Amino acid sequence: MTAIPSRGWDSYHSAIQAIGERRSTSSSPEAAFLQNLGLVSSDDPAQLTAEGVAYFTAAFILQDEAAAMHTLQTALLRMPPVIAIAQMLDGVATASRSSVEVVLRSQGFGAGLKD
């Protein structure tokens, strides 16, 4: 099952910083989503992948927001729920959170969504 985010991006951003600074030694609540995103190792949630290191370096060392966002966008666009949303709602000017949730549920990605 593909994990979808259950928190705001700031908590995932902070988790990546903690892992990159080697301050995280155990699985965090953010780990499943970050692993599905490909930024954290699926074998060891206390290790960043190469793409995770690229995000960490851009965001926290170089303070290059554009490069960090590009890395994040690339990772997100590989995720099946994001692909489904992009394909089904492309060009829908009135798309709302509700319509995104309908897409996610109809495509089998609704686990964890609140009614």
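These lines cover the structure that appears in this document, whether it is placed above or below. What you are looking at is a predicted structure, and each value in this text was computed from that prediction instead of being measured.

Rules of the game
Residues numbered from 1 in each chain as written. Predicted model: local features only at pLDDT ≥ 70, side-chain atom pairs only at ≥ 80, totals over all residues. Heavy atoms only, no water. Helix = DSSP H or I, 4+ residues; strand = E, 2+ residues; numbered from the N terminus. Expected span 1.5 Å × (residues − 1). Buried < 20%, exposed > 50% of the residue type's maximum accessible area, 1.4 Å probe, protein only. Arc of directions from axis to C-beta. Contact = heavy atoms within 4.5 Å. Core = buried A, V, L, I, M, F, W, Y, C linked by side-chain atoms within 4.5 Å. Axes fitted to C-alpha atoms, helices over the stretch in contact; angles between N-to-C directions. Parallel < 35°, antiparallel > 145°, perpendicular 65-115°, else oblique. Nonpolar A, V, L, I, M, F, W, Y, C, P; charged D, E, K, R; others polar.

1. As for helix H1 (residues 9–20)
Next, step 1: For H1, built from twelve residues, the straight-helix expectation of 16 Å at 1.5 Å per residue is met to within 8% by its first-to-last C-alpha distance of 16 Å.
Next, step 2: Among the residues making up H1, those that are buried are Tyr12, Ala15, Ile16, Ala18 and Ile19. When H1 is viewed along its axis, its buried side chains cluster within an angular range of 160° and face the same direction.
Next, step 3: Against the buried residues of H1 lie helix H2 (31–37) and helix H3 (50–61).
Next, step 4: Positive backbone phi, approximately 60°, marks arginine 22, located one or two places after H1.

2. Details of the nonpolar core
Next, step 1: Among the nonpolar cores identified, the biggest contains 19 residues, and Ile16, Leu34, Leu37, Leu39, Leu48, Tyr55 and Phe60 are the most heavily contacted of them.
Next, step 2: Of all the secondary-structure elements, those providing two or more residues to this core are H1, H2, H3 and helix H4 (65–76).
Next, step 3: If one sorts the elements of this core by residue count, H3 sits on top with five residues.
Next, step 4: In contact with leucine 37, not counting residues within four places along its chain, are Trp9, Glu51, Leu72, Ala75, Leu76, Arg78 and Met79.
Next, step 5: Core analysis: the next-biggest nonpolar cluster, separate from the first, contains five residues, Ala84, Leu89, Val103 and Phe109 among them.

3. Observations concerning the packing of H1 against H3
Next, step 1: Between H1 and H3, the shortest axis-to-axis distance is 10 Å and the interhelical angle comes to 100°. As the angle between them shows, H1 and H3 are arranged roughly perpendicular. Contact with H1, carried on its side by Trp9, His13, Ile16, Gln17 and Gly20, involves Gly52, Tyr55, Phe56, Ala59 and Phe60 of H3 and no other residues of that element.
Next, step 2: Class assignment of the residues belonging to the contact of H1 with H3 gives a composition of six nonpolar, four polar and no charged.

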